[in-house]
Amino acid sequence: MSETNPAAATGMSADAAPHRYTAAMAAEIEARWQDFWDADGTYAAPNPEGDLAGDPAVVARPKKFIMDMFPYPSGAGLHVGHPLGYIATDVFARFQRMTGHNVLHTLGFDAFGLPAEQHAVQTGEHPRVTTEAAINNMKSQLRRLGLGHDKRRSFATIDPDYYKWTQWIFLQIFNSWYDDEAAKARPIAELVAQFESGERAVPGGGSWDVLSATERADVLSGFRLAYASDSPVNWCPGLGTVLANEEVTADGRSERGNFPVFKAKLRQWNMRITAYADRLLDDLDALDWPEAIKLQQRNWIGRSEGARVDFPIDGEHITVFTTRPDTLFGASYMVLAPEHPLVDKFVPAAWPEGTHDVWTGGYATPGEAVAAYRAQAASKSDVERQAEAKDKTGVFIGAYATNPVNGEQVPVFIADYVLMGYGTGAIMAVPAGDQRDFEFARAFELPIVCIVEPTDGRGTDTATWESAFGSYDAKIINSSNDDISLDGLPVAEAKARITEWLARKGIGEGTVNFRLRDWLFSRQRYWGEPFPIVYDEDGVAHSLPESMLPLELPEVEDYSPRTFAPDDADTSPETPLSRNEDWVNVTLDLGDGRGPRAYRRETNTMPNWAGSCWYELRYLDPHNSEQLVDPEIERYWMGPREGRPHGGVDLYVGGAEHAVLHLLYARFWSKVLYDLGHVSSAEPFHKLFNQGMIQAYVYRDSRGFPVPAAEIEERDGGFYFEGEPVKRELGKMGKSLKNSVTPEAICAEYGADTLRLYEMAMGPLDVSRPWDTRAVVGQYRLLQRLWRNIVDEATGEVTVVDTEADEPTLRALHKAIDGVRQDLEGLRFNTAIAKITELNNHLTKAGGALPRTVAEGLVLLVAPLAPHIAEELWRKLGHTDSVVHQDLPVADPAYVVDESVTCVVQIKGKVKARLEVSPAISDEELEKVALADENVVKALDGAGIRKVIVRAPKLVNIVPA
Ligand code: ANZ
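Reference entry: report on the structure contained in this document.

Cut-offs applied
- For every chain, the first residue of the written sequence is number 1, and numbering continues from 1 onward in sequence order.
- The predicted origin of the model limits local features to residues at a pLDDT of at least 70 and limits the giving and counting of side-chain atom pairs to 80 or more, whereas totals for whole chains, interfaces and linings rest on all residues.
- As a rule here, side-chain values cover all heavy atoms of the structure and leave hydrogens and water aside.
- A helix here means a DSSP run of H or I that spans at least four residues, while a strand means a run of E at least two residues long, and both kinds are numbered starting from the N terminus.
- For every residue, the accessible area (1.4 Å probe, protein chains only) is compared with the maximum for its type, and the residue is labelled buried under 20%, exposed over 50%, or partly exposed between those bounds.
- Exposure was quantified through the Shrake-Rupley algorithm and a 1.4 Å probe, taking into account, for residues, occlusion by the shown protein chains and nothing else.
- Counting rule applied: Lys, Arg positive; Asp, Glu negative; His and chain ends not counted.
- One atom stands in for each charge, and that atom is NZ of Lys, CZ of Arg, CG of Asp or CD of Glu.
- One heavy atom within 4 Å of a molecule or strand is enough for the residue carrying it to be called near that molecule or strand.
- Pairs of N or O atoms are called polar contacts if they sit within 3.5 Å, as long as, within protein, a hydrogen donor faces a hydrogen acceptor (for residues adjacent in sequence, only side-chain-to-side-chain pairs).
- Under the convention adopted here, Pro, Cys and the residues Ala, Val, Leu, Ile, Met, Phe, Trp and Tyr are nonpolar, Asp, Glu, Lys and Arg are charged, and Gly plus all remaining residues are polar.
- For two strands to be treated as a pair, DSSP must find no fewer than two bridges joining them.
- Every axis corresponds to a line fitted to the C-alpha atoms, with the helix fit spanning only the stretch in contact, and the corresponding angles, defined between N-to-C directions, vary from 0 to 180 degrees.
- By definition, residues are in contact when any of their heavy atoms lie within 4.5 Å.
- Under the convention used throughout, the expected extent of a helix is 1.5 Å for every residue step, that is, one less than its residue count.
- This arc is built from the directions going out from the helix axis to the C-beta atoms.
- Stacked, edge-to-face and tilted labels apply to pairs of Phe, Tyr and Trp rings (six-membered ring for Trp) whose centres lie within 6.5 Å, assigned for plane angles under 30 degrees, over 60, and everything in between, in that order.
- Consider the ring centre and the ring normal. A charge sits over the ring if Lys NZ or Arg CZ is within 6 Å of that centre and within 35 degrees of that normal.
- Salt bridges are identified by distance alone: a Lys or Arg side-chain nitrogen within 4 Å of an Asp or Glu carboxyl oxygen.

## Re the overall build of the protein
Along its length, the protein carries 31 helices and 31 strands. Relative to its full complement of 961 residues, the protein shows a buried share of 54%. Accessible surface for the protein amounts to roughly 41,000 Å². Of this, 50% is attributable to carbon and sulfur atoms. One way to put it: in the protein the 96 positive side-chain charges average out to a point 5 Å from where the 141 negative ones average out.

The structure is reproduced here in structure tokens:
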């Protein structure tokens, strides 16, 4: 695949140097050590107890739990972009092992997923078959990279032994409720006990014992952390399933596959993640995550402080949510979401006297106008409805409400810019302060009352305004009644005062509103975890007892979900599981004292996110058949420590695309398990790091089609394919852009150690970088020089001597040790490699046989990055135990500090400053340092410079102009 033959590239024939480090030798060394590590269990991390318990001395060390976001086993296999993060965590894990830690590092597979299922729909082949083949292929690809995984701890989410516990956790969530007072989840049985004893009033009134089983189930459903409900959901006909809000893109399409998404009313399972909104926000503070990801989570959760205010209408009231109760005196109309349930109640038979023409939409009656507008709104996604730039539409419903602060009659509209799913689904419109209201008011010729004194000089005559005015620094005006005045107050104070007034009058209260919605948790798919839920003849949902888990997926003939018409309320999607009557209809004894009965199984499956919501816990205790995880083992690996109050994985590396999906869901499950006492960690991942992407050049012909990148010729700065010029751009790596490079190809050409070094040397880990196959050879040469510094290429014998190293070599060695340690700790692998390269070059230049201590130091430094060659050299140096568990050397500070010399800086012959500089400093560098010195700048006092005479490292003489 590459033009360069590495043996030829070094200018010597293989015969002259039979023991040169070549691709063939790398292949042999790497395979041999990989076999050894597997057989020896070199990477087995001992647990404090259980079947993976091991050496207590190792367990006594500080622990490090280092994880990758586990991969979906794609049928296409890995290209060189995929392992970037896996190599990084492996280097870090090796470094931690060599600095006294008990390191848990392994990798499993997130294996339920759409691609295998779509393949099954098309071909009838069981998704398990394709998925397992893909897992095996990926395992062998990963093995070739020499990753130090504890393979005893690997699993796939599709293993029934694993999803048994996913189902078990679902039941924990189903069987619990959120106690707001205690601010935590509790078993639902404790809520039932409160209803029974009367300690808690039954919602809707009445006593618990007179309720029927169905009525009780309905009440509990309103509390359970997992509940089924009929609600408008995101229905994606293209995927044949409903989707969570997190899976719908900003332009209202499916994140996967980019299909349009519609709203449909369906009975679905939800997770009450909203109960945890505050804790999900608050606990972010103590996590060591990139600020950008924290911000995305904060925005997604979207906490808004404001007030609910009641607007009287026809002896009832409409409650609005506003973040600006201070603007109440400027509320000149109201808007309800078209779907708002109260609308129908207030729509009169005829338009009131004097109704403005533009308010009616041209309809003869309010009823017709409302019906027509609703139909129009239903066909749009939330995003389309909220789009900033669009013209505001709506209709008057024919009724007026009363503004509670000034008694004014305000017309009530429905308009699609108000969403049912946010706040109360109703707003008070303040056109002077809110741009959407302003545009609406202009379109519908509604009054715009100025209630904030503009600070931008536009004046208070709103007729001349071109937009709403919003500023928290401005003062409130035109806002008083007999009882309260906000005039002259700044916004924050006015908010506080009016909120207090509303509460006192019983017409409103301060409230916090969240953007976060409950998590839609069921899918109409085959290839997911079945719900451990059955329904009795009354439709009441029951949990399966733990003894019936795992509930395995049945064999089916047809994997496709059957779609339905989203606008037809009588149809519903037919799930692949529902066609299996034998599996669906069962007689079971649930052990609840009711004896064997007929039940119908839930036929939806869980979303793909379920398996990744808790997998870190299973790595800890993967074979436990009695418990999800032994609490003592969990506490050891995940429990809170100094500086990490919520516990969690010590390092979690993965792509930034999971900011609100996986990372939010996993945090939520952790908190439920924590509340229920199953784990000691309330957060799954203490430190998160997002690696950059490996990009690749895409070459396109004159028609814009990608052409194979491997066959491009470069000459005179241009690129050619079959003689024709092509254009080069940066893009993703992959089959469709014909620019994939496989790790196997690079391993065959240079070896896995070279590939590892190259990926780590390409740049800082969090930055995206273009792959360049031609540059890989640079790291290969580094390893060849390393080898040659220790091994005689003619005889294969080590050349080290048992003499003391000279001073410059000791300095070079200890500086490298010091720098590499710091860089590896800080995940700066590229600069660590630069320091090793520098040391290696120093040794090459110095010539002669290396002192043993220097050779060993060098090998140990290389070991985390290029473990195979390091293991080989370590053994050649006479050691009988693996390099993997050696201690990384510690730098002797005496050799690390730079010797420095004092440089005198003179201006017009007078000494103005003395600088401590490196003896090796260049004239240019020294001039820069001298001119930037504070005392020099002061002495020059702005005068120009005629001439600078530099005699590095001791003297700088400045002649001012
Ligand atoms: C009056 C007002 C005056 C408002 C003003 C804003 C500025 P966030 O910050 O996102 O929470 N709103 C409330 N519920 C809504 C819904 N269901 N659909 C669309 N808009 C809704 O925004 C809260 C503000 O968005 C609320 O405060 C309300 O408008 C609007 F100068 O009330 B405001």
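What follows picks up the thread again.
## As for the site of the ligand
Near the ligand lie 18 residues; those nearest to it are Ser 304, Thr 322, Thr 323, Leu 419 and Tyr 422. Between the ligand and Thr 322 there is a distance of 2.7 Å, counted from an oxygen atom to a side-chain nitrogen or oxygen. Burial of the ligand by the protein chains amounts to 83% of its free accessible area of 650 Å². Elements with a contribution of two residues or more to the shell around the ligand: β9 (316-322) and β13 (426-429). Of the residues assigned to the shell around the ligand, the class counts are 8 nonpolar, 7 polar and 3 charged.

## Points about the sheet that holds strand β2 (residues 102-105)
Reading across the sheet, the 4 strands line up as β2-β1-β20-β21 and stay open at both edges, with parallel pairing between neighbours. Because the sheet does not close on itself, it has two edges, and the strands there are β2 and β21 (688-690). Between one strand axis and the next, the sheet turns through 15° on average, direction left out of account. Sheet topology note: the strand β20 (residues 651-654)/β21 ladder contains 3 bridges and is parallel. Bridging from a neighbouring strand, Val 653 pairs with Phe 689 of β21.

## Observations regarding unusual backbone geometry
Here the amide bond leading from Leu 549 into Pro 550 is cis, since omega sits at 0°, within 30 degrees of zero. In this model, Ala 952 is joined to Pro 953 through a cis peptide bond whose omega is 0°. Within the secondary structure layout, Pro 953 lies in the loop between β30 (945-951) and β31 (955-960). Although it is not a glycine, Glu 445 sits at a positive phi angle of roughly 55°. Within the fold, Glu 445 resides in the loop between α16 (435-444) and α17 (491-505). A positive phi angle is found at Lys 908, which is not glycine, with a value near 50°.

## Section: the environment of Leu 446
Assignment of secondary structure puts Leu 446 in the loop between α16 and α17. Residues Leu 446 and Met 138, spaced 308 residues apart in sequence, show a C-alpha to C-alpha distance of 64 Å. If we skip the residues at most four places from it in the chain, Leu 446 touches Tyr 333, Trp 359, Pro 411, Phe 413, Phe 440 and Ala 441.

## So, the pairing of strand β22 (residues 694-700)
Here 2 bridges tie β22 to strand β27 (residues 769-770), and the two strands are oriented parallel to one another. Paired with Gln 695 across the bridge in β27 is Pro 770. When β22 meets strand β26 (residues 724-731), the two strands line up antiparallel, connected through 5 bridges. Within β26, the residue paired with Tyr 697 across the bridge is Leu 730. Examined bridge by bridge, β22 and strand β23 (residues 706-707) share 2 bridges and lie antiparallel to one another.

## So, helix α6 (residues 127-143)
When the terminal C-alpha atoms of α6 are compared, their 24 Å separation across 17 residues agrees well with the 24 Å that a helix rising 1.5 Å per residue should span. Among all positions of α6, only Pro 127, Thr 131, Ala 134, Ile 135, Met 138, Gln 141 and Leu 142 are buried. Viewed along the axis of α6, the buried residues span an arc of 125°, placing them on a single side of the element. Buried positions along α6 lie against α4 (84-97), α5 (114-123) and α22 (743-750).

## So, the packing of aromatic side chains
Counting across every chain of the model gives 50 aromatic pairs. Ring plane angle 70° and centroid distance 5.5 Å describe the contact between Trp 37 and Tyr 43, whose orientation is recorded as edge-to-face. Judged by its relative accessible area of 6%, Tyr 43 falls in the buried class. Judged by centre distance (6.4 Å) and plane angle (10°), the ring pair of Phe 170 and Phe 174 falls under stacked. Taken together, the residues span about one helical turn, with Phe 170 and Phe 174 both in helix α7 (residues 160-174) at a distance of 4 residues. As far as burial versus exposure is concerned, Phe 170 and Phe 174 are alike and both buried. Members of the aromatic cluster, each reached through a chain of ring pairs, are Phe 170, Phe 174, Tyr 178, Trp 269, Tyr 276, Trp 519, Phe 521, Phe 531, Trp 609, Tyr 665, Phe 668 and Trp 669. The ring of Tyr 720 is capped by Arg 715, whose NZ or CZ atom sits 3.9 Å from the centre of that ring.

## Looking at the pattern of salt bridges
According to the stated counting rule, one finds 54 salt bridges in the structure shown. With a shortest N-O distance of 3.4 Å, Asp 536 and Arg 594 are connected by a salt bridge. Here Asp 536, found in the loop between β16 (533-535) and β17 (541-543), pairs with Arg 594, found in the loop between β18 (585-589) and β19 (596-601); they are 58 residues apart in sequence, far enough to count as distant. What makes Asp 536 buried here is its relative accessible area of 8%. Between Arg 644 and Asp 650 there is a salt bridge, and its shortest N-O distance comes to 2.5 Å. Under the relative-accessibility criterion, Asp 650 is labelled buried at 8%. Residues joined in a network through salt bridges with shared partners are Asp 35, Asp 38, Arg 143 and Lys 151.

## A word on helix α23 (residues 752-761)
Taking burial as the measure, the 10 residues of α23 include 9 buried ones, the bulk of the element. Residues of α23 that are buried: Ala 752, Asp 753, Thr 754, Leu 755, Arg 756, Leu 757, Tyr 758, Glu 759 and Met 760.

## Describing the environment of Arg 875
Within the secondary structure layout, Arg 875 lies in helix α28 (residues 867-876). Once residues within four sequence positions are removed from consideration, Arg 875 is found in contact with Trp 33, Phe 36, Thr 880, Asp 881 and Ser 882.

## Details of the side chain of Thr 327
Among the structural elements, Thr 327 can be located in the loop between β9 and β10 (333-336). A residue is classified by how much of its surface remains accessible, and Thr 327, at 4% relative accessible area, is buried. A distance of 2.7 Å separates a polar atom in the side chain of Thr 327 from the backbone oxygen of Arg 324. Look past the residues within four positions of Thr 327 in its chain and what remains in contact with it is Met 428, Val 430 and Ile 451.

## Here we look at the packing of α23 against helix α26 (residues 829-846)
Orientation of α23 relative to α26, taken along the N-to-C sense of each, is 115°, at an axis distance of 7 Å. Residues Leu 757, Met 760 and Ala 761 of α23 touch α26, and the partners they reach there are Phe 829, Asn 830 and Ile 833. Residues of the contact of α23 with α26, tallied by class, amount to 5 nonpolar, 1 polar and no charged.

Purely geometric stuff here, so don't read any function into it on its own.
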